[in-house]
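Coordinates in review
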Amino acid sequence: MLRNDDRRKHERHAANGTFLIYKTLSIISYTVDLKNISRSGAFINTKHLPHFGEELHFDILSTDGEKLATGHGKVARLVKEGSLLERGFGVHFTRKLQREIEEPLMVVDSPIHRE
């Protein structure tokens, strides 16, 4: 689990776009919606939750389906309760995103909070 001082260093922005997720040791993928994103992680809206700590391989796609980035991450947070719009999981990226990848996904220019 991430320590508190390892979190919330980058501004998080509401995001449009999708995550194409490949689970560890599987060639099967599934697509989920991005809720918000920062350079070091994202929150994914889905009712199909991976396991806490699970390592994932992913592609980040624009709303037009253009692949913006490929990477690896680890599931750092699970939200199992609440409405369908609140459920999902947080993923911490192994490597930070380039700023130019984050910007096309942002819904608004102002951050919603620090990640």
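Provided above is the structure to which this section pertains.
Parameters and conventions
- Residues numbered from 1 in each chain as written.
- Predicted model: local features only at pLDDT ≥ 70, side-chain atom pairs only at ≥ 80, totals over all residues.
- Heavy atoms only, no water.
- Helix = DSSP H or I, 4+ residues; strand = E, 2+ residues; numbered from the N terminus.
- Buried < 20%, exposed > 50% of the residue type's maximum accessible area, 1.4 Å probe, protein only.
- Contact = heavy atoms within 4.5 Å.
- Areas by Shrake-Rupley, 256 points an atom, 1.4 Å probe, with all protein chains shown as cover.
- Pairing = 2+ DSSP bridges.
- Phe/Tyr/Trp six-rings, centres within 6.5 Å; stacked < 30°, edge-to-face > 60°.
- Core = buried A, V, L, I, M, F, W, Y, C linked by side-chain atoms within 4.5 Å.

Secondary structure assignment for the protein yields one helix and eight strands. For the protein, the N- to C-terminal ordering of α and β elements is β-β-β-β-β-β-β-α-β. Counting every position in the protein, which comprises 115 residues, the buried fraction comes to 41%. A fraction of 60% describes how many contacts in the protein between residues 6 or more apart in sequence connect residues 24 or more apart. In the form shown here, the protein has an accessible surface area of approximately 7200 Å², with 49% of it arising from carbon and sulfur atoms.

This next bit is on the pairing of strand S3 (residues 29-37). Relative to strand S4 (residues 41-45), S3 runs antiparallel, the two being bridged by four bridges. Within S4, the residue paired with Ile37 across the bridge is Ala42. Counting the residues in the hairpin turn of S3 and S4 gives three residues.

A separate point is the packing of aromatic side chains. Counting across every chain of the model gives one aromatic pair. Taking the centre distance of 5.1 Å and the plane angle of 35° together, the rings of Phe58 and Phe93 count as tilted. Residue Phe58 is found in strand S5 (residues 55-61), and its partner Phe93 is found in strand S7 (residues 88-93); the two are separated by 35 residues along the sequence. Phe58 gets classed as buried once you look at its relative accessible area, which sits at 3%. Assessed through its relative accessible area of 3%, Phe93 is described here as buried.

Membership of the largest hydrophobic core comes to 19 residues, with the highest contact counts inside it found for Phe19, Leu34, Ile37, Ala42, Ile60 and Phe93. Within the residue set of this core, elements represented by two or more residues are strand S2 (18-23), S3, S4, S5, strand S6 (67-79) and S7. Not counting residues up to four positions away in its chain, the partners in contact with Phe93 are Phe19, Ile37, Ser38, Arg39, Ser40, Gly41, Ala42, Phe58, Ile60, His72 and Gly73.

The next point concerns the environment of Gly41. Within the secondary structure layout, Gly41 lies in strand S4. For Gly41, a relative accessible area of 1% puts it in the buried group.

Looking now at the pairing of S7. Summarising burial for S7: five of the six residues are buried, a large majority. Sheet topology note: the S4/S7 ladder contains five bridges and is antiparallel. Looking across to S7, one finds that Gly41 is bridged to His92. Across six bridges, S6 lies against S7 in antiparallel orientation. Residue pairing across strands places Leu78 opposite Phe89, the latter belonging to S7.

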